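The primary structure of each chain is shown beneath.
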Amino acid sequence: MSKLFGYILTPIFYFFFGLMLCIFHPIQWICHKFFGYKAHKVSVDILNLFLTYCQIFLFNSISFKNDYNLPTDRPIIFAANHQSMYDIPSLIWFLRKYSAKFISKIELTKGIPSISINLRLGGGANINRKDNKQAISEIIKLGRRMKENNWSTVIFPEGTRAKDGQVKQFQFGGIATILKAVPNALVVPIAIENSWKIVRFGMFPLTTGNALKWTVLKPIEPGEKTANEITLAVETEIRKVLGQNLQ
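Residues numbered from 1 in each chain as written. Predicted model: local features only at pLDDT ≥ 70, side-chain atom pairs only at ≥ 80, totals over all residues. Heavy atoms only, no water.

## Remarks on the packing of aromatic side chains
Under the criterion given, the structure shown has 13 aromatic pairs. When the centroid spacing of 5.4 Å and the interplanar angle of 35° are considered together, the rings of F13 and F17 count as tilted. Of this pair, F13 and F17 are both found in helix α1 (residues 2-35), 4 residues apart, which corresponds to roughly one turn of the helix. An aromatic cluster of three or more residues is present, and its members are F13, Y14, F17 and Y86. Sitting over the face of the ring of F201, K3 holds its NZ or CZ atom 4.4 Å from the ring centroid. (Phe/Tyr/Trp six-rings, centres within 6.5 Å; stacked < 30°, edge-to-face > 60°. Helix = DSSP H or I, 4+ residues; strand = E, 2+ residues; numbered from the N terminus. Lys NZ or Arg CZ within 6 Å of the ring centre and 35° of its normal.)

## A look at the sheet that holds strand β7 (residues 211-216)
Read across the sheet, 7 strands follow the order β1-β7-β6-β2-β5-β3-β4 without closing on themselves; strand pairing throughout is mixed. Each edge of the open sheet carries a strand with a single partner, namely β1 (61-65) and β4 (125-127). Across the sheet, the mean angle from the axis of one strand to that of its neighbour is 20°, orientation sign disregarded. Note: strand β3 (residues 100-105) against β4, 3 bridges, orientation parallel. (Pairing = 2+ DSSP bridges. Axes fitted to C-alpha atoms, helices over the stretch in contact; angles between N-to-C directions.)

## Details of empty space enclosed by the protein
Overall, the coordinates contain 1 cavity of 30 Å³ or more when judged by the stated rule. One number sums up the size of the largest cavity: a volume of about 40 Å³. Residue lining of the largest cavity: F17, L51, T52, Q55, I62, Y86, P89 and S90, and that is the complete set. If you list the elements that add at least two residues to the lining of the largest cavity, you get α2 (37-53) and α3 (87-94). Tallied by class, the residues present in the lining of the largest cavity amount to 5 nonpolar, 3 polar and no charged. (1 Å grid on protein atoms, 1.4 Å probe; cavity = no way out; pocket = protein on both sides within 12 Å on 5 of 7 lines; lining within 4 Å. Points joined across faces, edges and corners; volume = space filled by probe spheres on them. Nonpolar A, V, L, I, M, F, W, Y, C, P; charged D, E, K, R; others polar.)

## Quick notes on the layout of surface pockets
Taken as a whole, the second largest pocket spans an internal volume of roughly 170 Å³. Considering the residues around the second largest pocket, the lining is formed by 11 residues, among which Q169, F170, L232, E235 and L246 are closest to the centre. In terms of residue class, the lining of the second largest pocket is built from 4 nonpolar, 5 polar and 2 charged.

## Here's the deal with the packing of helix α5 (residues 132-149) against helix α6 (residues 173-181)
For the pair α5 and α6, the least separation of the axes is 8 Å and the interaxial angle reads 50°. It follows from the interaxial angle that α5 and α6 lie oblique. Relative to α6, α5 is oriented so that their crossing is right-handed. In contact with I136, I139, I140, G143, R144, M146 and K147 of α5, α6 contributes T177, I178 and A181. (Parallel < 35°, antiparallel > 145°, perpendicular 65-115°, else oblique. Left-handed = near helix turned anticlockwise from the far one by under 90°. Contact = heavy atoms within 4.5 Å.)

## Details of the nonpolar core
L70, F78, L91, L95, V154 and I190 are the most contacted members of the largest nonpolar core, which totals 36 residues. Counting residues per element, this core draws most heavily on α1, at 6 residues. Among residues more than four places away in sequence, those in contact with L70 are I76, F78, Y98, L186, V188, V216 and P219. (Core = buried A, V, L, I, M, F, W, Y, C linked by side-chain atoms within 4.5 Å. Buried < 20%, exposed > 50% of the residue type's maximum accessible area, 1.4 Å probe, protein only.)

## What about the side chain of R74?
As for its placement among the helices and strands, R74 is situated in the loop between β1 and β2 (76-80). Since its relative accessible area comes to 19%, R74 is described here as buried. Side chain to side chain, R74 and E221 meet in a polar contact 2.9 Å long. (Polar contact = N/O pair within 3.5 Å; in protein donor to acceptor, adjacent residues only side chain to side chain.)

## Here's the deal with the pairing of β3
Across 3 bridges, the pairing between β3 and strand β5 (residues 152-155) is parallel. Within β5, the position partnered with F102 by the bridge is V154. In terms of handedness, the path from β3 via helix α4 (residues 115-121) over to β4 forms a crossover that is right-handed. (Right-handed = clockwise from strand over helix to strand, strands pointing away.)

## What about a positive patch on the surface?
A cluster of basic side chains, namely K105, R129, R161, K163 and K168, defines a positive patch on the protein surface. As for its placement among the helices and strands, K105 is situated in strand β3. We classify K105 as partly exposed; its relative accessible area is 36%. (Patch = residues over 30% accessible without salt bridge, like charges linked within 9 Å, V, L, I, M, F, W, Y side chains within 5 Å. Areas by Shrake-Rupley, 256 points an atom, 1.4 Å probe, with all protein chains shown as cover. Salt bridge = Lys/Arg side-chain N within 4 Å of Asp/Glu carboxyl O. Lys, Arg positive; Asp, Glu negative; His and termini not counted. Charge placed at Lys NZ, Arg CZ, Asp CG, Glu CD.)

## Considerations on the pattern of salt bridges
With the rule as written, the count across this model stands at 6 salt bridges. Among the ionic pairs, R74 bridges to E221, the shortest N-O distance being 2.9 Å. With R74 in the loop between β1 and β2 and E221 in the loop between β7 and α8 (227-242), this residue pair connects regions lying 147 residues apart in the sequence. Here E221 falls in the partly exposed class, since its relative accessible area comes to 44%. A salt bridge links R239 to E235, with the nearest nitrogen and oxygen atoms 2.9 Å apart. Taken together, the positions of R239 and E235, both in helix α8 and 4 residues apart, correspond to about one turn of that helix. With a relative accessible area of 6%, R239 lands in the buried category.

Written as structure tokens, this is what we have:
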């Protein structure tokens, strides 16, 4: 039934999702050009509010739970499992007061309304996956910006999307690289549930009636822990929420 409704509702969803991207592309440019970073960030936040709640056209519900009083005066590394592209707008919106940045493929910095301009101007790291030296350099630069501005970043330690919802083994490289530049960063796991179901049949049809959930888990103080230990702790806590045992 979800697939059947998807054939009807997916075009409506894509129309409004694409419309928001097109409308906010010039708005972002104007905000950045004439009013600077803060205005640009506000425009990006509002864009991602609309992108997040475009899910109502698919009758998908949105739930974000954070029981922790996270600091805004120190950098945070948010580490989440990754299920679909629809993970990202909600993370940007719900984590907006922490100025969360992303590590993205450099190919995405061109050709996509709103998204590409934000990746170029927003302060994240745009990496070339075929050039390890460039990638590490960009992540270190991001770490420095985090330290200077008390920004945060969101990373997906799986390295790719788990298209069936089954968590892949987390890699410690991203957390390790950022912590070298920002050793005082707090590490905060986030468990993402059910967004993989939206695209279980690919780009069309999208599925309907899913309960999409983002849950902030207990923060981890790096202290004397190694990046490996921190990453394993993040993966373990996320798996607990998802009911998936560590292999």
